[in-house]
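Inside the fold
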Amino acid sequence: DNTNQSNISVANAVANWSTLVYNSSRVGSPATAGNPLTTGSWLTQFMTSNPRPKVDFVCVHWYKGVDAAKFKSDMSAIINLYGKPLWITEFAPQTISSAQANPTKYSQTQVNSFLNQVIPWMESNSMIERYAYHDARYGTSALFTSTGALTSTGVTYRDAH
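None of these values were measured; they are calculated from a predicted model.

We now examine the overall build of the protein. Helix and strand counts for the protein stand at six helices and three strands. Secondary structure elements of the protein, listed N to C terminal, follow the sequence α-α-β-α-β-α-α-β-α. Taken over the C-alpha trace, the protein has a radius of gyration of 17 Å; the compact-globule value for 161 residues is 15 Å, and the two agree within 12%. Viewed in the frame of its principal axes, the protein has a C-alpha envelope of about 45 × 35 × 30 Å. Accessible surface, the protein as shown: approximately 8,500 Å² in total, 50% of it carbon and sulfur. Within the protein, one finds 11 positive and 9 negative side-chain charges whose respective centroids are separated by 4 Å.

The next thing to look at is the pairing of strand β1 (residues 58–62). For β1, the buried fraction is high: four of the five residues fall into the buried class. By the bridge criterion, five bridges tie β1 to strand β2 (residues 86–91) in an arrangement that is parallel. Each bridged residue has a counterpart across the sheet, and for Trp62 the counterpart in β2 is Phe91. Once you follow β1 into helix α3 (residues 68–82) and on to β2, the crossover reads as right-handed.

So, about the pattern of salt bridges. All told, the structure shown has five salt bridges when counted by the stated rule. A salt bridge links Asp56 to Lys54; the shortest N-O distance between them is 2.7 Å. Overall, the relative accessible area of 34% leaves Lys54 in the partly exposed class. Via salt bridges that share partners, Lys64, Lys70 and Asp74 belong to a single interconnected network.

Outside of glycine, negative phi angles account for most residues, and trans bonds account for most peptide bonds. The peptide bond linking Asn50 to Pro51 adopts the cis configuration, its omega dihedral lying at 5°. Within the element layout of this structure, Pro51 appears in the loop between α2 (42–47) and β1. The backbone phi angle of Arg137 is positive, close to 70°, even though this residue is not glycine. Note on placement: Arg137 falls in the loop between β3 (128–133) and α6 (152–159). Arg137 gets classed as exposed once you look at its relative accessible area, which sits at 56%.

Turning next to the packing of aromatic side chains. Tallying each qualifying case throughout the model produces twelve aromatic pairs. Ring centres of Trp62 and Phe71 lie 4.9 Å apart, and the angle between their planes is 90°; this geometry places the pair in the edge-to-face category. One exposure class covers both Trp62 and Phe71, and it is buried. Chaining the aromatic ring pairs together yields one cluster made of Trp62, Phe71, Phe91, Phe114, Trp121, Tyr131, Tyr133 and Tyr157.

Counted at 1.5 Å a residue, the expected span for helix α1 (residues 10–21) with its twelve residues is 16 Å, and the 16 Å between its end C-alpha atoms agrees. Residues of α1 that are buried in the fold lie against α2.

Below, the discussion takes up the packing of helix α5 (residues 108–124) against α6. Two numbers describe how α5 lies on α6: the axes approach to 9 Å, and their chain directions differ by 15°. Taken together, α5 and α6 sit at an angle that is classed as roughly parallel. Between α5 and α6 lies a crossing of right-handed hand. For the pair α5 and α6, the contacting residues are Gln108, Val111, Asn112, Leu115, Asn116 and Ile119 in the first and Ser152, Thr153, Thr156 and Tyr157 in the second.

Ordered by their spatial adjacency, three strands build an open sheet running β1-β2-β3, and the pairing between neighbours is parallel. What marks the edges here is a single partner per strand, and that holds for β1 and β3. Between one strand and the next, the sheet's axes are offset by a mean angle of 15°, whatever the strand orientation. Bridge count for β2 against β3 is four bridges, and the pairing is parallel. Bridge pairing in β3 places Phe91 opposite Tyr133. Sitting on the sheet, α5 touches β1, β2 and β3, and the angle it makes with β3 is about 150°.

What counts, and where the lines are drawn
Residues numbered from 1 in each chain as written. Predicted model: local features only at pLDDT ≥ 70, side-chain atom pairs only at ≥ 80, totals over all residues. Heavy atoms only, no water. Helix = DSSP H or I, 4+ residues; strand = E, 2+ residues; numbered from the N terminus. Rg over C-alpha atoms; globule rule 2.2 N^0.38 Å. Areas by Shrake-Rupley, 256 points an atom, 1.4 Å probe, with all protein chains shown as cover. Lys, Arg positive; Asp, Glu negative; His and termini not counted. Charge placed at Lys NZ, Arg CZ, Asp CG, Glu CD. Buried < 20%, exposed > 50% of the residue type's maximum accessible area, 1.4 Å probe, protein only. Pairing = 2+ DSSP bridges. Right-handed = clockwise from strand over helix to strand, strands pointing away. Salt bridge = Lys/Arg side-chain N within 4 Å of Asp/Glu carboxyl O. Phe/Tyr/Trp six-rings, centres within 6.5 Å; stacked < 30°, edge-to-face > 60°. Expected span 1.5 Å × (residues − 1). Contact = heavy atoms within 4.5 Å. Axes fitted to C-alpha atoms, helices over the stretch in contact; angles between N-to-C directions. Parallel < 35°, antiparallel > 145°, perpendicular 65-115°, else oblique. Left-handed = near helix turned anticlockwise from the far one by under 90°.

See the structure below:
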């Protein structure tokens, strides 16, 4: 759904889906850049297309700041919308470009609090099968320093498990 990435239509994705999943025992949905909760989103069109594509879990990206309640609400809404478990394949307070432009948009305290709330929640939620933090490379959303050492965010992410 992102013109700077795959930029494939729903119809083209559905038409080629069976070839992609032919030998797969489990398959995740496409991970879209757009919000899957938006009415008429690319993912909703894909998931409700005819024929209905085989999807065993929904892949999600989330970059909406440090509001843990919003994160939990969004993930719960996606689970309820599609009735499938989630793989949160990318999440962080900021994208790389946002963190590069404003590396301290969120304080370290805010980022640490966010991670300390959402990680235990994800760990205890049976509908969230996998998750991966996306290293924003800059500022308080970065996991690693330029030399590869863990940042405070990296330490918090490691220890919150």
